[in-house]
Amino acid sequence: MAGQMWSETGKTGGEQVRLFPGPLLNERGELSQAGYATSLVKEYDRSRVRGGALRIKEWDYYLIYNDKYGVALTLDDNSYMGLVSISFLDFEKRTEHTTSPMTLFPMGKTGFPKSSASGDVFLDKKNMKMSFCHEGDKRILDGEIRRFENGLPIRVHFELTEEPEDSMVIATPFPEKKTAFYYNQKIIGMRACGRVEYAGHSYEFWPEDSFALLDWGRGVWTYENTWYWSAAMGVCGGEMFGFNLGYGFGDTSAATENMLFYKGKAHKLGQVLFLIPGEAEGKTDYMKPWKFTSSDGRLELKFTPILDRKSRTSVGVILSDQHQVFGHFDGEAVLDDGTKLPVVHMLGFAEKVRNKW
């Protein structure tokens with residue numbers, strides 16, 4: 001998919017559609033509107049979903065990192081199975097470890113809130129517990145897996161602050177099924193303070209150089225999908241800067257999910273291509289430098305990988321093949337007013353994921 005013609009990757013073909021306030025789904029369980037916004041203007045109501053009780057997917061994914069190490073925290077309720085996941089990433093040693101215990105048939109009982117702006121979610125099982133809570137303007141994240149690696153536990157606690165005013169929000173339909181949809185918010189560039197206790201060490205995160213993002217999603221997907229997603233965040237010229245890039249998932253003809261974020265405000269991009277070495281020839285090499293280019297000429301990046309957080313699961317009709325590659329971005333981004341921002345050795349990630357589930 002990457003490296004093909006713009007028209008093959010969901011080019012919008014003109015002005016992108018802004019979402020207006022109202023219900024996300026109509027009475028038939030179909031998206032009331034496809035498009036993008038910079039906040040959750042559409043109201044998600046699980047009771048309106050008509051795509052099948054076993055197909056509903058709800059998740060919160062947080063990624064917190066600085067230049068030395070990072071943590072990914074995931075809570076999923078995918079109806080027929082749930083997931084608690086913690087990843088510890090060591091960028092200096094170029095190592096990572098992920099443990100993802102599953103639960104069977106949670107069927108919405110995890111209790112995800114209908115918005116990312118309020119409401120809390122908890123899960124406490126025999127070998128794991130995790131909670132994502134709001135406390136005033138803070139997001140409080142706590143997690144523990146008692147047998148994380150070599151029988152040893154991992155415990156994490158974070159407080160996220162300085163949430164930017166704008167975020168990336170997209171409502172995406174699937175042409176194969178009218179009651180399938182993807183409602184997604186990416187909040188890029190929160191400040192993070194916290195601690196990870198793991199393998200006899202304590203890893204500290206301070207808001208001066210530690211950042212966090214939230215990937216908040218609700219939806220009903222079709223069975224087989226491949227997506228590309230990339231994000232980065234940090235300080236540029238003394239100000240918070242970051243971006244969200246992606247494509248390949250559903251029908252993005254109404255709007256892309258590509259945005260720059262500077263001083264908390266969003267700057268909309270057109271289509272962006274991920275040029276991954278060897279992909280066009282079927283010999284993808286994720287650890288060689290990638291390139292990113294936008295159809296509007298406002299983003300040109302080189303991506304130098306340092307760590308591939310990869311996993312592959314194939315059990316019966318279920319397949320998950322994931323490559324989340326961390327590394328450094330260099331290049332240039334152009335804001336809506338024409339201001340050019342140099343991107344210099346900014347840590348972030350780019351991923352390709354193929355799922356059948």
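For every chain, the first residue of its written sequence is number 1, and the numbers climb from 1 along that sequence. The model is predicted, so local features are restricted to residues of pLDDT at least 70 and side-chain atom pairs to those at 80 or more, both for listing and for counting; the totals for chains, interfaces and linings are taken over all residues. Derived side-chain values reflect all non-hydrogen atoms in the structure, with water molecules and hydrogen atoms excluded from consideration.

Novice: I would appreciate a short explanation of the overall build of the protein in the present structure.
Specialist: Under the DSSP-based scheme used, a helix requires at least four consecutive residues in state H or I and a strand at least two consecutive residues in state E, with every element numbered from the N terminus. Scanning the protein from terminus to terminus reveals 0 helices and 25 strands. Here the radius of gyration uses the C-alpha set of atoms, whereas the globule reference equals 2.2 Å times the residue count to the power 0.38. For 357 residues, the compact-globule estimate of 2.2 N^0.38 gives 21 Å, and the protein sits close to it at 19 Å. The dimensions of the protein, computed from C-alpha atoms along their principal axes, are 55 × 50 × 45 Å. Exposure classes here rest on a 1.4 Å probe applied to the protein chains alone. A residue is buried below 20% of its type maximum, exposed above 50%, and partly exposed in between. Within the span of the protein, comprising 357 residues, buried residues form 57% of the whole. Here a residue-residue contact requires only that any non-hydrogen atoms of the pair lie within 4.5 Å. Sequence separation of 24 or more characterises 56% of the internal contacts of the protein that already satisfy a separation of 6 or more. Of the roughly 15400 Å² of accessible surface on the protein, a fraction of 50% belongs to carbon and sulfur atoms. Here the protein contributes 43 positively and 48 negatively charged side chains, and the mean placements of these two sets differ by 5 Å. Only the protein chains shown count as covering a residue, and every accessible area follows the Shrake-Rupley method with a 1.4 Å probe. Under the counting rule used here, the positive set is Lys and Arg, the negative set is Asp and Glu, and His together with the chain ends is not counted. A charge is said to be at NZ when it belongs to Lys, at CZ for Arg, at CG for Asp and at CD for Glu.

Novice: Just to check I follow, could you spell out the side chain of serine 294 for this structure?
Specialist: Here serine 294 is to be found in strand E22 (residues 290-294). In the analysis that follows, any N or O atom pair within 3.5 Å is treated as a polar contact, provided that within protein one partner can donate a hydrogen and the other can accept it, and provided that, for residues neighboring in sequence, both atoms belong to side chains. One polar contact links the side chain of serine 294 to the main-chain amide nitrogen of leucine 299, over a distance of 3.0 Å.

Novice: Would you mind going over the nonpolar core with me for this structure?
Specialist: Soluble globular proteins tend to bury their nonpolar side chains together. Throughout this description, the term nonpolar core refers to a set of buried Ala, Val, Leu, Ile, Met, Phe, Trp, Tyr and Cys residues connected via side-chain atoms within 4.5 Å. Ranked by internal contacts, the top residues of the largest apolar core, which has 109 residues, are Ile64, Val196, Phe241 and Phe292. If sequence neighbours within four positions are ignored, isoleucine 64 has contacts with Tyr69, Gly70, Val71, Leu73, Leu141, Phe158, Leu160, Ala192, Phe205, Phe211 and Ala212.

Novice: Would you mind showing me how to read the pattern of salt bridges here?
Specialist: Side chains that differ in sign of charge can pair as their charged atoms come close. Salt bridges, as used here, are contacts in which a Lys or Arg side-chain nitrogen is within 4 Å of a carboxyl oxygen on Asp or Glu. As enumerated under the stated definition, the model contains 17 salt bridges in all. The residue glutamate 58 makes a salt bridge to arginine 46 at a minimum N-O spacing of 3.0 Å. Here arginine 46 lies in the loop between strand E3 (42-43) and strand E4 (56-65) and glutamate 58 lies in strand E4, a separation of 12 residues in the sequence. Assessed through its relative accessible area of 2%, glutamate 58 is described here as buried. For lysine 265, the salt bridge is made with aspartate 166, and the minimal N-O distance between the two is 3.6 Å. Pair noted here: lysine 265 is in strand E20 (residues 265-268) and aspartate 166 is in the loop between strand E12 (152-161) and strand E13 (168-174), with a separation of 99 residues, a long-range link.

Novice: Looking at this structure, I do not really get the confidence of the model for the protein. What am I missing?
Specialist: Low-pLDDT portions of the prediction should not be read for the details of their coordinates. For every residue, the pLDDT score states the predictor's confidence, bounded by 0 at the bottom and 100 at the top. In this model, the protein carries an average pLDDT of 93, and 96% of its residues clear a pLDDT of 70 or more. Scored below 50 in pLDDT, residues 1-10 shows 27 contacts in the model against residues more than four places distant or in partner chains.

Novice: Help me out: how do you make sense of the side chain of threonine 99 in this one?
Specialist: Relative to the helices and strands, threonine 99 is located in strand E7 (residues 95-99). The class of threonine 99 is buried, set by a relative accessible area of 16%. A polar atom in the side chain of threonine 99 sits 2.7 Å from the backbone oxygen of phenylalanine 148. Apart from residues lying up to four places away in sequence, threonine 99 is in contact with Val84, Ser85, Ile86, Ile145, Arg147 and Phe148.

Novice: Where do I start with the environment of phenylalanine 243 in this structure?
Specialist: Secondary-structure assignment places phenylalanine 243 in strand E18 (residues 239-247). Remark: the alpha-carbon pair of phenylalanine 243 and isoleucine 188, spanning 55 residues in sequence, is separated by 7.1 Å. The residues contacting phenylalanine 243, other than those within four sequence positions of it, are Ile188, Ser230, Ala231, Ala232, Met259, Leu260, Phe261, Leu301 and Phe329.

Novice: Sorry, what's going on with the pairing of strand E17 (residues 224-236) here?
Specialist: Both faces of the sheet carry side chains from a regular strand, because those side chains alternate between them. Most of E17 is tucked away: 11 of the 13 residues are buried. In the sheet, E17 pairs with strand E25 (residues 340-356) via 9 bridges, with the strands oriented antiparallel. Bridging across to E25, alanine 231 finds its partner in phenylalanine 349. By the bridge criterion, 9 bridges tie E17 to E18 in an arrangement that is antiparallel. In the sheet register, alanine 232 faces E18, and the bridge partner there is phenylalanine 243. Only strands that DSSP links by at least two bridges are regarded as paired with each other. Linking E17 back to E18 in an antiparallel pair, the connection comprises 2 residues, with glycine 237 at a positive phi of about 60°.

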